[in-house]
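Given next are the chains, with one letter for each unit.
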Amino acid sequence: MRYIIVCLLGVLATGCGNKYNSFSDDVVERKSHWSTPKPRQGPLTEKEMDMARIAWKYFENNYQESTGLVNAVNNYPSVTLWDTASYLAGMVSVYELGIIEKEEFDRRFIRLLTTLNTLDLFRNELPNKAYNTQTAAKVDYGNQPGEIGYSALDLGRLLIWLHIIKHRYPEYATGIDSVMLRWNYCNVVDENGTMFGALLEKDKPVQYLQEGRLGYEEYAAKGFQLWGFDTTQASLAEPYSTINLYGYDIPYDTRDPRKLKAHSYVVTESYVLDGIELGWDEFDDRSPHDYNYSSDWIAEFGLQIYRVQEERYKQTGIITARTEHQLAGPPYFVYDTIYTDGFAWNTISETGDFLPQFSAVAIKGAMGMWVLWETEYTDLLFDHISHLYDREKGFYEGIFENGTGLIETFTSNNNGITLEILLYKAQGKLLQYQDNVAPSLWEKALESPFGYEGQCLPRKKRQQ
């Protein structure tokens, strides 16, 4: 019955979805139907450099000297690991672009690394979902003291950026590895390579729940893979199907949100991050930036998600760049989707409330499409959003589709992703490797049969 309802979306959906048991042949076949726009590459223009300086202003304003952490939302002293990774992305970007000196980069990174090496962990396993940025104490989402569990997706993004920094700046390898070797991985990845988050609710035992849906799951899994973990199950595209929107087959996760209590959002962000950070490559592809994407199905899914947003604009006149975003007021956060829960162009809260008034052109979504696909439409996106900033605070979160104005809030995630997008234009794929680097503390720990017992390090995989 649910499948039938999807097929009756009328104007929004112009055909029924097809289930692929194996995506590789379909990817090759569909690629031949059109040419893929190339990413934008080259030195930043004066305007783009100015945008980078403005985005960095957010991090100057929200930096906490006591911990080295940065507020996830402007002037609110709380942060997640996802947002911490976005800060790392921003810090690397402004250093590489020449906006800050190495001395400031070192000072900021060492202070943050010190905090990560002493962070109070959830149940002595992994970092809690949220921390107070002024004290580095575990907090709930209301920034009140306490622990609430951990997120495999947030951890995966942090692992990607710790890996990027470790290989760009080997002088920090030991400090980064020390962070990693404090953690216990026994409950976050199982023997099948499935990722689990931890949830702690009042008066209930800890629940370890499968975490991640199509797009975000595979992106975060690459973070674990970079450190040697086997994420076989989490890295699969399946289970998924497609829904035809405006003539494009849009992939979506088919797991039932009613049973699993987790929505399957189709948004732009995870595909953009995979493209700019990892070059849409497999985790073990150490090649420099090129247009040979070894994760070709992820590159193809990202292209479809770009194309359908472009086509929506062509057919409706609505400028479209959809991904999750913060709000200035309740409910403070929405998933602004291309497709979710059986409906196209569905904007919902985390609890599933339908909130179309908060549909928006997200800055990070628009910028991500602008840098990864050089087209007339992404030129239009750039012109639409590149001036949406407060020079003293950074870039706004976005602008509402319905014409009611700006989302008047500023976040670490939006400004950090904006910065790494600009660095990608200048340098290409952000994960870069240096030759002839000696094995680090982490590699030595994985090779040794002694030490770190009970932490479930990925030794067996590294010994094969």
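Presented here is a report on the structure given in the accompanying data block. Note that the structure is a prediction, hence the values are computed from the model and not measured.

Quick notes on the overall build of the chain
Looking only at helices and strands, one finds 16 helices and 19 strands in the chain. Taken over C-alpha atoms, the radius of gyration comes to 21 Å for the chain, in line with the 23 Å a tight globule of 464 residues would show. Dimensions of the chain, computed from C-alpha atoms along their principal axes, come out at roughly 60 × 50 × 45 Å. Scored against the burial criterion, the 464 residues of the chain give a buried share of 61%.

Some remarks on unusual backbone geometry
Trans peptide bonds make up most of the peptide bonds, and negative phi angles are found at most residues other than glycine. Omega for the bond connecting Glu 238 with Pro 239 falls within 30 degrees of zero, at 5°, which places this linkage in the cis form. Of note, Pro 239 is situated in the loop between α8 (216–226) and β8 (240–245). With an omega of 0°, the peptide bond running from Pro 330 to Pro 331 counts as cis. You can see Pro 331 is positioned in the loop between β10 (325–326) and β11 (333–336).

Brief notes about the nonpolar core
If you look at the biggest cluster of nonpolar residues, it comprises 136 residues, and the most contacted ones within it are Trp 161 and Trp 183. The biggest single contributor to this core is helix α6 (residues 152–168), with 10 residues. Apart from the residues within four sequence positions on either side, Trp 183 is in contact with Leu 121, Glu 125, Leu 126, Pro 127, Leu 155, Leu 158, Leu 159 and Gln 455. Counting residues in hydrophobic clusters, the runner-up holds seven residues, among them Val 334, Phe 358, Ala 360 and Phe 400.

Here's the deal with the environment of Met 180
Tracing the chain through its elements places Met 180 in helix α7 (residues 173–180). With relative accessibility at 0%, the residue Met 180 sits in the buried group. The spacing of Met 180 and Leu 159 is 21 residues in sequence and 8.8 Å in space, taken between C-alpha atoms. Filtering out sequence-adjacent residues up to four positions away, Met 180 remains in contact with Leu 159, Leu 162, Tyr 185, Trp 227 and Trp 442.

Considering the packing of aromatic side chains
Taken as a whole and judged by the stated rule, the model has 35 aromatic pairs. Each ring, one from Tyr 396 and one from Phe 410, has its centre 4.6 Å from the other, and the planes form 35°; the classification is tilted. Placement of the pair is Tyr 396 in the loop between β17 (394–395) and β18 (398–400) and Phe 410 in the loop between β19 (406–407) and α14 (412–427), with a sequence separation of 14 residues. Residue Tyr 396 shares its accessibility class with Phe 410, and that shared class is buried.

A look at the state of the cysteines
All told, the structure shown has one disulfide when counted by the stated rule. The disulfide partner of Cys 186 is Cys 456, and the S-S distance across this bridge is 2.0 Å. Judged by the sign of its S-S torsion, about 95°, the bond between Cys 186 and Cys 456 is right-handed. With Cys 186 in the loop between α7 and β6 (196–199) and Cys 456 in the loop between α15 (441–447) and α16 (459–463), this pair connects stretches of sequence that are 270 residues apart.

Considering the sheet that holds strand β7 (residues 207–210)
The antiparallel open sheet is built from three strands, whose spatial order is β5-β6-β7. Looking at which strands have only one partner, the edges of the open sheet turn out to be β5 (149–150) and β7.

As for helix α5 (residues 102–116)
Here α5 spans 21 Å end to end across 15 residues, near enough to the 21 Å set by a 1.5 Å rise per residue. Restricting attention to buried positions, one finds in α5 the residues Phe 105, Asp 106, Arg 108, Phe 109, Leu 112, Leu 113, Thr 115 and Leu 116.

Some details on the pairing of β11
For β10 and β11, the ladder comprises two bridges, and the chain directions are antiparallel. What sits directly across from Gln 326, in β11, is Phe 333. Note: β11 against strand β14 (residues 347–348), two bridges, orientation antiparallel. Residue Asp 336 lies in a different strand from β14, and its bridge partner there is Thr 347.

Rules used in this analysis
- Throughout this description, residue numbers start from 1 for each chain and increase along the sequence as written.
- Confidence filtering applies because this is a predicted model: local features only for residues at pLDDT of at least 70, side-chain atom pairs given and counted only at 80 or more, and all residues used for totals across whole chains, interfaces and linings.
- Side-chain numbers here rest on the full set of heavy atoms in the structure, without hydrogens or water.
- Put simply, DSSP marks the helices as runs of H or I at least four residues long and the strands as runs of E at least two long, and each gets a number from the N terminus on.
- Only C-alpha atoms enter the radius of gyration; for comparison, a globular chain is expected to reach 2.2 Å times N to the power 0.38, where N is the number of residues.
- Think of it in three bands: with a 1.4 Å probe and only protein chains considered, a residue is buried below 20% of the maximum accessible area for its type, exposed above 50%, and partly exposed in between.
- Side-chain atoms within 4.5 Å are what join buried Ala, Val, Leu, Ile, Met, Phe, Trp, Tyr and Cys residues into a set we call a nonpolar core.
- In what follows, residue pairs with any heavy atoms lying within 4.5 Å of each other are defined as contacts.
- Two aromatic rings from Phe, Tyr or Trp, using only the six-membered ring of Trp, form a pair when their centres are within 6.5 Å; if the ring planes differ by under 30 degrees the pair is stacked, by over 60 it is edge-to-face, and anything between is tilted.
- Our working definition of a disulfide is a cysteine sulfur pair at a distance within 2.5 Å.
- The pairing criterion for strands is at least two bridges between them, as found by DSSP.
- One less than the residue count of a helix, multiplied by 1.5 Å, gives the span that helix is expected to have.

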